[in-house]
Amino acid sequence: LKGGAPSSDYLPPSTPASLTGSIAGSTVTLRWQPSTDNASAISYRVYRGSSLVATTTATTWSGSVVTGTTSTYTVRAIDAAGNLGNASNAVTISL
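Heads up: these notes are all about the structure in this document. Everything numeric in this text was worked out from a predicted model, so none of it was measured.

Calculation rules
- Residues numbered from 1 in each chain as written.
- Predicted model: local features only at pLDDT ≥ 70, side-chain atom pairs only at ≥ 80, totals over all residues.
- Heavy atoms only, no water.
- Helix = DSSP H or I, 4+ residues; strand = E, 2+ residues; numbered from the N terminus.
- Buried < 20%, exposed > 50% of the residue type's maximum accessible area, 1.4 Å probe, protein only.
- Contact = heavy atoms within 4.5 Å.
- Phe/Tyr/Trp six-rings, centres within 6.5 Å; stacked < 30°, edge-to-face > 60°.
- Pairing = 2+ DSSP bridges.
- Axes fitted to C-alpha atoms, helices over the stretch in contact; angles between N-to-C directions.

### What about the overall build of the chain?
When helices and strands are tallied, the chain shows zero helices and eight strands. The linear arrangement of helices and strands in the chain, starting from the amino end, is β-β-β-β-β-β-β-β. A principal-axis box enclosing the C-alpha atoms of the chain has dimensions of 55 × 25 × 15 Å. Burial analysis of the chain (95 residues in total) assigns 33% to the buried set. When contacts within the chain are restricted to residue pairs at least 6 apart in sequence, those whose partners lie at least 24 apart make up 59%.

### Observations regarding the packing of aromatic side chains
Inspection of every chain in the model, using the stated rule, returns two aromatic pairs. When the centroid spacing of 6.1 Å and the interplanar angle of 45 degrees are considered together, the rings of Trp61 and Tyr73 count as tilted. Residue Trp61 is located in strand β5 (residues 60-64), and its partner Tyr73 is located in strand β6 (residues 70-79); the two are separated by twelve residues in the primary sequence.

### A look at the environment of Leu84
Mapped onto the elements of the fold, Leu84 is located in strand β7 (residues 84-87). In this structure, the C-alpha to C-alpha distance between Leu84 and Leu11, residues 73 residues apart in sequence, is 8.8 Å. Setting aside residues up to four positions removed in sequence, Leu84 forms contacts with Pro12, Arg45, Tyr47, Arg76, Ala77 and Ile78.

### Some words on the sheet that holds β5
Read across the sheet, three strands follow the order β1-β2-β5 without closing on themselves; strand pairing throughout is antiparallel. Of all the strands in the sheet, just β1 (17-24) and β5 have a single pairing partner and so form its edges. Neighbour to neighbour, the strand axes of the sheet diverge by 20 degrees on average, direction disregarded. With five bridges connecting them, strand β2 (residues 27-33) and β5 associate as antiparallel partners. Bridge assignment links Arg31 to a residue of β5, and that residue is Thr60.

### Focus: the environment of Gln33
Structurally, Gln33 is set in strand β2. For Gln33, a relative accessible area of 46% corresponds to the partly exposed category. Counting along the chain gives 21 residues from Gln33 to Pro12, while the straight-line C-alpha distance between them is 16 Å.

Just distances and angles here, no functional claims.
Printed below as a string of structure tokens:
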């Protein structure tokens, strides 16, 4: 088998649930319920539109937004084996 034996961790993490967003000044804060995985640690990828803007192990993330813009955010969980889960619900933030 090319590349060695397949990983025993082949299932993606569950979808992050209940994504919410809030604005304070020019900072957006996102919060979500944790994902679960059958075999390994989980990180979260935060997307603005289709662009990856951050990776975190926490279930919150804060970042700057530009005045006069509207952005849509989603979060996806990824496990240590690189299995990427489905996107959370989308949250649209306007400033």
